[in-house]
Amino acid sequence: MAHKLAFIGFGVVGQGLAEILRDKKESLKQNEGFEADIVAISDLMKGSIYHPGGLDISTVLRVLQETGNLENYPETPGLIRGWDSLKTIKDTNADTVIEVSYTDVKTGQPAISHCKAAFEKGKNVVMTNKGPVALAYRELSEMAEKHGACWGFEGTVMSGTPALRMPAAALAGNDITEIRGILNGTTNYILTKMEQEGASYEAALKEAQKLGYAEADPTSDVEGYDARYKIVILSNHVMKAPLSVGEVECNGITGITLKDIEKAKAEGKCWKLIAKAKKENGKVIASIAPEKLDAEDPLASIRGAVNAITYQCDLLGTVTLSGAGAGKIETGFSLLIDLISIHRARQLVSI
Ligand SMILES: NC(=O)C1=CN([C@@H]2O[C@H](COP(=O)(O)OP(=O)(O)OC[C@H]3O[C@@H](n4cnc5c(N)ncnc54)[C@H](OP(=O)(O)O)[C@@H]3O)[C@@H](O)[C@H]2O)C=CC1
Ligand SMILES: N[C@@H](CC=O)C(=O)O
């Protein structure tokens, strides 16, 4: 049976997943037995459409590209327009909510309410929005479990690179005692552009925004708040150690000038925004701060919007993973892998 999806938010990442579902429809069916219908999309400014029988993805994407608004989706018998996010979550026939609205760095809202509304209805949530995972991990995990729903959030850390799934699956049994990484694509892109091309901070940030890497409010990226959310998610989910956002010391890259970068380069070093979490006496101590790295540091060679993370494991030693940290298709893929996992679990249950 095809999964029925409702999108809350339909910006860069939402459209990325829609493109993947359009372009890989046949191979996903053939290789995974996976089929999905987008039944609803509710976006703040781009409008809202719902059809219980499914929307035509190619038409959705074309209409949006040509007119910028979903209200121009052609009239079809049974089509409903104008439902807000909560009504879409509660009252459509979707079994899974794709939460890709913006990340609010202070309250995590309205995305936390979106998750709660979905779980109360027994609906799965798959999301790249970091707010709910960083601010309400425990409450939402318990709620999902209580209502028999799945909660996927691979894309909240390092986009589609399996920074959460890899340790959970392949490093299970290890005690992960320390995590260190470059977890924000926008800032790494900016620092790389400044270092390699002498670009100004402002020009590099503008490019990162154009490429779809930056947050709706890029202050989140450059001040380190986005990386702070990610280290909190890693601490709670991967290290199984409760850590709240307020406990993480946080400094961004706004104080780093072209002159600092040139100076580091002359010393054979480079500036990176480093996220760290370390278990100490049963507690996790975490921080976000720019660091001047030696060329031999494994994180020094990570360029552009690529991210990297090192897990210190008691049984396996040091394991480093690198890959995309942001981007339309890369992050769209993170939602797809969560959906495929739900699909595989559903298959196992029905055997
Ligand atoms: N871009 C990336 O590479 C990555 C992004 N993320 C996260 O994924 C999420 C989506 O990112 P991205 O697609 O880039 O962001 P965008 O800003 O491109 O898209 C977010 C969309 O959500 C809409 N929106 C905001 N609030 C609501 C609401 N209450 N109800 C319905 N729609 C709403 C916005 O509407 P409108 O603009 O029309 O007002 C916008 O279209 C964010 O939380 C981000 O932190 C995570 C990993 C990587
Ligand atoms: N703005 C974020 C997007 C992914 O989380 C980043 O640049 O890493």
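Note on numbering: residues in each chain are counted from 1, in written sequence order. Whichever chain is written first is A, and whichever ligand is written first is 1; the rest continue in order. Two thresholds apply to this predicted model, a pLDDT of at least 70 for residue-level local features and 80 or more for giving and counting side-chain atom pairs, whereas whole-chain, interface and lining totals are computed over all residues.

- Going by the annotation in an unreviewed UniProt entry, the name recorded for the protein chain is Homoserine dehydrogenase, with Cytobacillus oceanisediminis given as the source organism.
- UniProt's Sequence similarities (unreviewed entry) comment on the protein chain is quoted here verbatim: "Belongs to the homoserine dehydrogenase family."
- UniProt positions are given in the numbering used here, feature names are shortened, and annotations may be inferred rather than shown by experiment. Per UniProt, the protein chain carries the Catalytic activity (unreviewed entry) text "L-homoserine + NADP(+) = L-aspartate 4-semialdehyde + NADPH + H(+)".

Concerning the pairing of strand β5 (residues 96-99)
Phase 1: Residues with at least 20 neighbouring C-beta atoms inside 10 Å of their own are called buried, those with 12 or fewer are called exposed, and the rest are partly exposed, where every C-beta is derived from the backbone. Labels follow the DSSP assignment, with helices taken as runs of H or I lasting at least four residues and strands as runs of E lasting at least two, numbered in each case from the N terminus. Here β5 shows two buried faces, one formed by Thr96 and Ile98 and the other by Val97 and Glu99.
Phase 2: Any two strands with at least two DSSP bridges between them are considered paired. As paired elements, strand β1 (residues 3-8) and β5 share 4 bridges and run parallel to each other. Following the sheet pairing, Leu5 is matched in β5 by Thr96.
Phase 3: Pairing analysis gives 4 bridges linking β5 to strand β6 (residues 124-127), with the strands arranged parallel.

Comments concerning the sheet that holds strand β11 (residues 283-294)
Strands in a sheet are paired, the pairing made by backbone hydrogen bonds, and the direction either parallel or antiparallel.
Phase 1: Spatial ordering of the open sheet is given by β9-β11-β10-β8-β12-β13, a layout of 6 strands whose pairing is mixed. Edge positions in the open sheet fall to β9 (249-250) and β13 (317-324), since each of these has one partner strand only.
Phase 2: Note that strand β10 (residues 269-280) and β11 share 12 bridges and pair antiparallel. Looking at the pairing, Ala277 lines up with Ala286 of β11.
Phase 3: Residues are treated as contacting if the C-beta atoms built from their backbones sit within 7 Å of each other. To get an axis, a line is fitted to the C-alpha atoms, and for a helix only the part in contact is used. The angle between two axes follows their N-to-C directions and goes from 0 to 180 degrees. Sheet strands touched by helix α11 (residues 225-238): β8 (176-182), β9, β10 and β11. Its angle to β10, the strand with the most contacts, is close to 35°.
Phase 4: Set on the sheet, helix α12 (residues 258-266) makes contact with β10 and β11; between it and β10 the angle comes to about 90°.

A closer look at the UniProt feature "active site" (unreviewed entry) in the protein chain
Phase 1: The sites that UniProt annotates as "active site" (unreviewed entry) are Lys230.
Phase 2: Note on placement: Lys230 falls in helix α11.
Phase 3: Residue class for Lys230 comes out buried when judged on the 27 C-beta atoms lying within 10 Å of it.
Phase 4: Those residues within four positions of Lys230 in sequence are excluded, and the remaining contacts are Lys130, Thr156, Val157, Leu183 and Ala275.

Concerning the UniProt feature "binding site: L-homoserine" (unreviewed entry) in the protein chain
Phase 1: The UniProt record marks Glu215 with the feature "binding site: L-homoserine" (unreviewed entry), using the residue numbering of this structure.
Phase 2: Among the secondary structure elements, Glu215 is positioned in the loop between α9 (201-210) and α10 (219-222).
Phase 3: Glu215 sits in the partly exposed class, given 19 other C-beta atoms within 10 Å.
Phase 4: Setting aside its immediate chain neighbours within four residues, Glu215 contacts Thr103, Ser220, Asp221 and Asp226.

Quick word on the site of ligand 2
Phase 1: We call a residue near a molecule or strand when its C-beta atom, built from the backbone, sits within 6 Å of it. Neighbouring residues of ligand 2: Ser159, Asn184, Gly185, Thr186, Tyr213, Ala214, Glu215, Asp221, Asp226, Gly325 and Ala326.
Phase 2: In this classification, the charged set is Asp, Glu, Lys and Arg, the nonpolar set is Ala, Val, Leu, Ile, Met, Phe, Trp, Tyr, Cys and Pro, and all remaining amino acids, among them Gly, are polar. Residues belonging to the shell around ligand 2 are distributed by class as follows: 3 nonpolar, 5 polar and 3 charged.

Let's talk about the domain arrangement of the protein chain
Phase 1: Domain start and stop positions are those given by an automatic or database domain assignment. Under the domain assignment used here, the protein chain contains domain 1 (3-159 + 329-350) and domain 2 (165-326).
Phase 2: The centre of domain 1, based on its C-alpha atoms, is set 27 Å off from the matching centre of domain 2.
Phase 3: Facing the 16 residues of domain 1 at the interface are 21 residues of domain 2.
Phase 4: Tallied by class, the residues present in the side of domain 1 that touches domain 2 amount to 9 nonpolar, 4 polar and 3 charged.

Details of the environment of His343
Phase 1: Inspection of the secondary structure puts His343 in helix α13 (residues 328-350).
Phase 2: Not counting chain neighbours up to four residues away, the residues in contact with His343 comprise His3, Glu32 and Phe34.

Points about the site of ligand 1
Phase 1: Every one of the 30 residues lining ligand 1 counts as a neighbour, but Gly9, Gly11, Val13, Met45 and Ala326 are closest to it.
Phase 2: Residue assignment for the shell around ligand 1 shows that the elements contributing at least two residues are α1 (12-23) and β2 (36-43).
Phase 3: Ranked by residue count, the leading element in the shell around ligand 1 is α1, at 3 residues.
Phase 4: Among the residues making up the shell around ligand 1, the classes are represented as 12 nonpolar, 14 polar and 4 charged.
Phase 5: Shared between two domains, the shell around ligand 1 takes at least three residues from each, and those domains are domain 1 (3-159 + 329-350) and domain 2 (165-326).

Brief notes about the packing of helix α8 (residues 185-197) against α9
Phase 1: In contact at an axis separation of 9 Å, α8 and α9 are set at 135° when each is read in the N-to-C sense. The orientation of α8 with respect to α9, classified from their angle, is oblique. Every pair of crossing elements has a handedness; the one defined by α8 and α9 is right-handed. Contacts from Thr186, Tyr189, Ile190, Lys193 and Met194 of α8 reach α9 at Tyr201, Ala204, Leu205, Glu207 and Ala208.
Phase 2: Of the residues that constitute the contact of α8 with α9, the class distribution is 7 nonpolar, 1 polar and 2 charged. Note on terminology: angles under 35 degrees are roughly parallel, angles over 145 are roughly antiparallel, angles of 65 to 115 are roughly perpendicular, and the others are oblique. In this scheme the crossing of two helices becomes right-handed for a clockwise turn of the near helix relative to the far one and left-handed for an anticlockwise turn of less than a right angle.

Topic: the sheet that holds β5
Phase 1: Spatially, the 7 strands line up as an open sheet ordered β4-β3-β2-β1-β5-β6-β7, and their pairing is mixed. Only two strands of the sheet have a single partner each, and these edge strands are β4 (80-81) and β7 (151-152).
Phase 2: Bridge count between β6 and β7: 2 bridges; the pairing is parallel. Counterpart to Val126 in the pairing with β7 is Gly152.

Re the environment of Thr320
Phase 1: Structurally, Thr320 is set in strand β13.
Phase 2: The exposure class assigned to Thr320 is partly exposed, which follows from the 13 C-beta atoms found within 10 Å.
Phase 3: Residues Thr320 and Thr310 lie 10 residues apart in sequence; the distance between their C-alpha atoms is 4.2 Å.

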